[in-house]
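# Descriptive analysis of the structure
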Amino acid sequence: MKLKSLLIANAVLLGSFVLQAHAEDEAQLIKQGEYLSRLGDCMACHTVSGKGDYAGGLAIESNLGTIYSTNITPDKEHGIGNYSEQQFSDAVRKGVLPNGSRLYPAMPYPDYAKISDAEMHALYVYFMKGVKPSSEQPPETDLSFPFSQRWGMRFWNWAFTSDKPFQPIGGASEEVNRGAYIVESLGHCGSCHTPRGLGMNEKALDSGDDQFLAGGSLNNWDVPSLRGLPRWSEQEIVDYLQTGRNDKAAVGGEMKSVIEHSSSHMTDADLKAIAAYLKFLGGNPPLQAYNVQKQQATEAKLTAAKGLSEGERLYIDNCGACHFVTGKGAPGIFPELDQATIVNAKDPSGLIHTILAGAQQPSTEKAPSTLAMPDFAKRLDDDQVAKLATFIRQGWSNNAPAVTKDQVAEVRKTLK
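The name given to the protein chain in an unreviewed UniProt entry is Cytochrome c, and the organism recorded there is Pantoea nemavictus. Among the UniProt annotations of the protein chain, the heading Subcellular location (unreviewed entry) holds the following wording: "Cell membrane".

Turning to the UniProt feature "domain: Cytochrome c" (unreviewed entry) in the protein chain, a few remarks are in order. In this numbering, the UniProt entry assigns the feature "domain: Cytochrome c" (unreviewed entry) to residues 28–131, 174–282 and 306–396. Taken end to end, residues 28–131 is 42% helix and 8% strand, and its two terminal C-alpha atoms sit 14 Å from one another. The distance separating the terminal C-alpha atoms of residues 306–396 is 17 Å; by composition the span is 43% helix and 4% strand.

On to the pattern of salt bridges, then. Side chains that differ in sign of charge can pair as their charged atoms come close. Tallying each qualifying case throughout the model produces 18 salt bridges. Put simply, Arg-412 and Asp-382 hold a salt bridge, and the shortest N to O gap is 2.6 Å. You can see Arg-412 sitting in helix 18 (residues 405–413) and its partner Asp-382 sitting in helix 17 (residues 382–394), a full 30 residues away along the chain. Residue Asp-382 is classed as partly exposed on the basis of its relative accessible area of 21%. Several salt bridges share partner residues, and in doing so they unite Glu-310, Arg-313, Asp-317, Asp-383 and Lys-387 into one network.

Turning our attention to the nonpolar core. With 59 residues, the main nonpolar core has Tyr-54, Phe-88, Ile-115, Phe-127, Leu-213, Tyr-277 and Leu-278 as its most contacted residues. In contact with Tyr-277, not counting residues within four places along its chain, are Ile-169, Val-176, Gly-179, Ala-180, Val-183, Glu-184, Ser-207, Phe-212 and Leu-213. If you look at the next biggest cluster of nonpolar residues, it comprises 24 residues, including Leu-302, Ile-355, Ala-386 and Ala-389.

A separate point is empty space enclosed by the protein. Applying the stated criterion to the full structure yields 1 cavity of 30 Å³ or more. The calculated volume of the largest cavity comes to roughly 40 Å³. Lining the largest cavity, in full, are Pro-105, Pro-110, Trp-156, Phe-160, Arg-196, Asn-201, Glu-202 and Leu-205. Of the residues contributing to the lining of the largest cavity, the split by class is 5 nonpolar, 1 polar and 2 charged.

With that settled, the discussion passes to the layout of surface pockets. Within this model, the second largest pocket holds a volume of roughly 320 Å³. Lining of the second largest pocket is provided by 16 residues; of these, Arg-93, Lys-94, Ala-113, Ser-162 and Asp-163 occupy positions nearest its centre. Those elements that provide at least two residues to the lining of the second largest pocket are helix 3 (85–94) and helix 4 (109–112). Here the lining of the second largest pocket gets 5 residues from one element, more than from any other, and that element is helix 3. Across the lining of the second largest pocket, the residue classes tally to 5 nonpolar, 5 polar and 6 charged.

What follows covers unusual backbone geometry. We note that Asp-41 has phi near 60°; this positive angle belongs to a residue other than glycine. Residue class for Asp-41 comes out buried when judged on its relative accessible area of 9%. Even without glycine at this site, Trp-396 takes up a positive phi of about 55°. Turning to its location among the elements, Trp-396 is positioned in the loop between helix 17 and helix 18.

This part covers helix 3. Considered for burial, the residues of helix 3 that qualify are Phe-88, Ser-89, Asp-90, Ala-91, Val-92 and Arg-93. Turning to helix 3, the residues buried within the fold contact helix 4 and helix 5 (117–129). Residue Gly-95 follows helix 3 closely and has a positive phi angle near 70°.

Mapped onto the elements of the fold, Ser-264 is located in the loop between helix 10 (255–261) and helix 11 (268–281). Within the structure, Ser-264 has its side chain in polar contact with the backbone oxygen of Ile-259 (distance 2.6 Å). In contact with Ser-264, not counting residues within four places along its chain, are Leu-241, Gln-242, Ile-259 and Thr-364.

Scoring rules and cut-offs
Residues numbered from 1 in each chain as written. Predicted model: local features only at pLDDT ≥ 70, side-chain atom pairs only at ≥ 80, totals over all residues. Heavy atoms only, no water. UniProt positions renumbered as here; feature names shortened; annotations may be inferred. Helix = DSSP H or I, 4+ residues; strand = E, 2+ residues; numbered from the N terminus. Salt bridge = Lys/Arg side-chain N within 4 Å of Asp/Glu carboxyl O. Buried < 20%, exposed > 50% of the residue type's maximum accessible area, 1.4 Å probe, protein only. Core = buried A, V, L, I, M, F, W, Y, C linked by side-chain atoms within 4.5 Å. Contact = heavy atoms within 4.5 Å. 1 Å grid on protein atoms, 1.4 Å probe; cavity = no way out; pocket = protein on both sides within 12 Å on 5 of 7 lines; lining within 4 Å. Points joined across faces, edges and corners; volume = space filled by probe spheres on them. Nonpolar A, V, L, I, M, F, W, Y, C, P; charged D, E, K, R; others polar. Polar contact = N/O pair within 3.5 Å; in protein donor to acceptor, adjacent residues only side chain to side chain.

Next up, the structure:
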C-alpha cells in the first residue's frame, strides 16, 4: 500500500514538473514571438489608435486602391483564433487564407516567406496565447475590378514570389548574416526600399541582386537606397533606427511608424547587425561631391541677408532658426538640409509634403522627447513653397532640379 502511495505521489510530482516546464517553455515562446512581431512590424499595420492591439482596420493606400488591415487577434469570430499553425504559416508566408482566398501583397508575404519554421512557431504561440482577443470587425477591402478578383493573385505569386528559405551570404560574418536575415525576412525592408516592376512586384528579394534595396517610390515619395549608406556610419544607422534621428537626419513619412513600432524595440545586437549588413552591401556612391565653395557662398549670402531671392528670404524667415544659415541643423535635433536625401531626391514630393504638413519625431525609449517641425500649408501659398523648396534643393552643396507651384499644388491635394 505504501509503495502504491509512493508511486502515485511520484507520478503527481513528475506531472507537476512537466506542467511547470511546459508553462515555462510556453512563456518563453510568447516572449520570443512578441519580439519577432516587433521585428516584423506587425503592430504598425494591424493596429489603429484607440482600438485594441492587432485588431486591424488601418487604411493602407496603394496603387490598387485602399486596403484595410485585418484583425489578427485570437478572436474566433473576427480574428484568427480558429487558425491551425499551418494555416497561420500559409497566411504569413504564402498570402493564402484558410478558405483559399489570397491576400494582397500589402501584406509583405513575399519577404515573410523567409521566416524560419522555429520563429514561425513562436509567432503562432504569441498571437494565439499572448495577444488579447478583440471582436473588432475592420472594414472589408473592396477594390475595383479587376483587382477585386483575388484568385488572380495565384498567378502573381507564381511569377513574383519564391518559397526558397533564407540563404546565408557565403564568406560574410555571422553578424552580417544576422542582419541579412532580419532585413530580407521579418524586417521586409525591400517592400519599400526595392524598386517595383510593372506588376508592382519587388524587382529583387535578396542581396544576390543589385536592385535589392536600391531605392524606389512609395505614395509619391522617393524612397532612398539602403545599399551602403555612404554618408552614414554604422552607429548613425543604429541611432536612426533606434531613435528616429541621428547627427544628419530625422525620420519622416512612412518610416516614422516603422521606428515607433518596430526598430526602436530591437536589441542593440540586432540593430548593429542590420547596420553591418547595409554597409556590407555597398554599391552606391555619395549623392554628389561636397562643394565647399558653393556651401560657403550660400552661408555667406544668408548671413549677410542682402540681395536675397524670394526663396532665400523665405528660408531665413521660416527655416533658418532651426536649420541655420549653414543648412546643417543641430546634430541629433534638427536634421541637415545640405546633401540630405529627401532634399536631393529626383521627385521633390517628400520635401514638399514635409514643408506643407510638418513632421514629428517619434518618442522612443532611447529618445523620449518628441521634436516637431511646424506645418506651413496655411502660411505659404504654392508659389512660395515652390520657391522655398527650390532654394533648399539648390543651396549649399545641393544640386537638384527646381520645384514648380504645380508640383506643390498636387502634393497639397493629398493632405488630410
